[in-house]
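Structural overview
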Amino acid sequence: MDESYTSLPTSHLLGSVPAVVKEEKNVTNYEVPEASMQIFPPNNAGRGYQTLGSPTEGFEQQPANGWKGVFNISSYTQYFNVDTDIVLNRLMSSLYPIGGDFFSKIDANPDLYGLIWISTTLVFVLASFGNCATYLMDKHSDSTTSWSFDVSYVNMAAVSVYGYAIVVPLAFYFLLQYLGSNASLVRFWCLWGYSLSVFVLASFLLLIPVEILRWIIIILAGAASACFVALNLKSYIAGSDLSLMVIAAFFLQMALAIFIKVWFFP
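Every value quoted in this text rests on a predicted model; they were computed, and no experiment measured them.

Parameters at a glance
- Residues numbered from 1 in each chain as written.
- Predicted model: local features only at pLDDT ≥ 70, side-chain atom pairs only at ≥ 80, totals over all residues.
- Heavy atoms only, no water.
- Helix = DSSP H or I, 4+ residues; strand = E, 2+ residues; numbered from the N terminus.
- Buried < 20%, exposed > 50% of the residue type's maximum accessible area, 1.4 Å probe, protein only.
- Contact = heavy atoms within 4.5 Å.
- Areas by Shrake-Rupley, 256 points an atom, 1.4 Å probe, with all protein chains shown as cover.
- Salt bridge = Lys/Arg side-chain N within 4 Å of Asp/Glu carboxyl O.
- Core = buried A, V, L, I, M, F, W, Y, C linked by side-chain atoms within 4.5 Å.
- Polar contact = N/O pair within 3.5 Å; in protein donor to acceptor, adjacent residues only side chain to side chain.
- Arc of directions from axis to C-beta.

Okay, the overall build of the chain next. Helix and strand content of the chain: 9 helices and 2 strands. Burial status across the chain gives 34% buried among its 266 residues. Taking as baseline every contact in the chain between residues at least 6 positions apart, the subset at least 24 positions apart corresponds to 67%. As displayed, the chain offers around 17200 Å² of accessible surface, 64% of which is attributable to carbon and sulfur atoms.

Let's shift gears to the pattern of salt bridges. Overall, the coordinates contain 3 salt bridges when judged by the stated rule. A salt bridge links Arg187 to Asp107; the shortest N-O distance between them is 3.4 Å. Remark: Asp107 occurs in the loop between helix 3 (102-106) and helix 4 (113-141) and Arg187 occurs in helix 6 (residues 185-195); sequence separation between them is 80 residues.

This part takes up the nonpolar core. Among the nonpolar cores identified, the biggest contains 57 residues, and Trp192 and Phe199 are the most heavily contacted of them. Within the residue set of this core, elements represented by two or more residues are helix 2 (84-94), helix 3, helix 4, helix 5 (152-178), helix 6, helix 7 (197-205), helix 8 (211-236) and helix 9 (243-264). Sequence-distant contacts of Trp192, that is, excluding residues within four places in its chain, are made with Tyr164, Val168, Pro169, Phe172, Val229, Leu233, Ala249 and Gln253.

Further remarks concern the side chain of Ser94. Along the chain, Ser94 turns up in helix 2. A distance of 2.9 Å separates a polar atom in the side chain of Ser94 from a polar atom in the side chain of Ser197. Other than its neighbours up to four places away in sequence, Ser94 contacts Tyr194, Ser197 and Phe228.

Okay, the side chain of Asn131 next. Residue placement: Asn131 occurs in helix 4. Side-chain polar atoms of Asn131 contact the backbone oxygen of Ala127, separated by 2.6 Å. Discounting chain neighbours no more than four positions away, the residues touching Asn131 are Trp147, Ser148, Phe149, Asp150 and Tyr153.

Right, let's get into helix 2. Every buried residue of helix 2 is accounted for by Val87, Arg90, Leu91, Ser93 and Ser94. Viewed along the axis of helix 2, the buried residues span an arc of 160°, placing them on a single side of the element. Of the exposed residues in helix 2, the ones pointing more than 90 degrees away from its buried face are Thr84, Asp85 and Met92.

What follows is the structure, given as structure tokens:
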């Protein structure tokens, strides 16, 4: 009888303490595989997911190397990472041609924003102001002259400005590489791009319908731009006997200035 009472469940009674039953279990030791956290969505050019903490790939996408980087837009984003203060500072430096320290200012962060923005601005300024200046000169000599917009000014401005800003620095880059001098194509594009800013300002003054004054303005603008390019190029290739290239850069800028005057402001 006593044994039947002791077998009754007592866990529901107040104040009762259940007996501790010691059970032996067979514990199997196993190792949990290391978790591999991954980033979603994959942004590594279609190569699958990225592993978090990988030494070769991280959150920041690296530009592609070699010729693949030429056709990869992300390769050029670093050259547009500039704000308004930086652009204005570089514009002011381009208007101070005798400084010769432009490469030291852009050494940490050369940009292509100035090249594209200034070149595009100059194209529209030359096309519009060139038509206005031609009309004013014709109106000054013949009062019966009527206004007409010459669309060919736009085409010539685009071909000449974009062609000069891209091809000339490219030619100097390959020539310096051929002569064994270290050169940076992006820095050259940056230099020549900002050198065109003085022609944007000069175009406003070239609206004055006085021929001799126009020639003075364009020669001064060309000389300022030429000195800016030549002196900075000289400081960049210091230690190399390449003074002929500095002279060539100077006269190319002067030739561009004369071309602008003759074609767009006749």
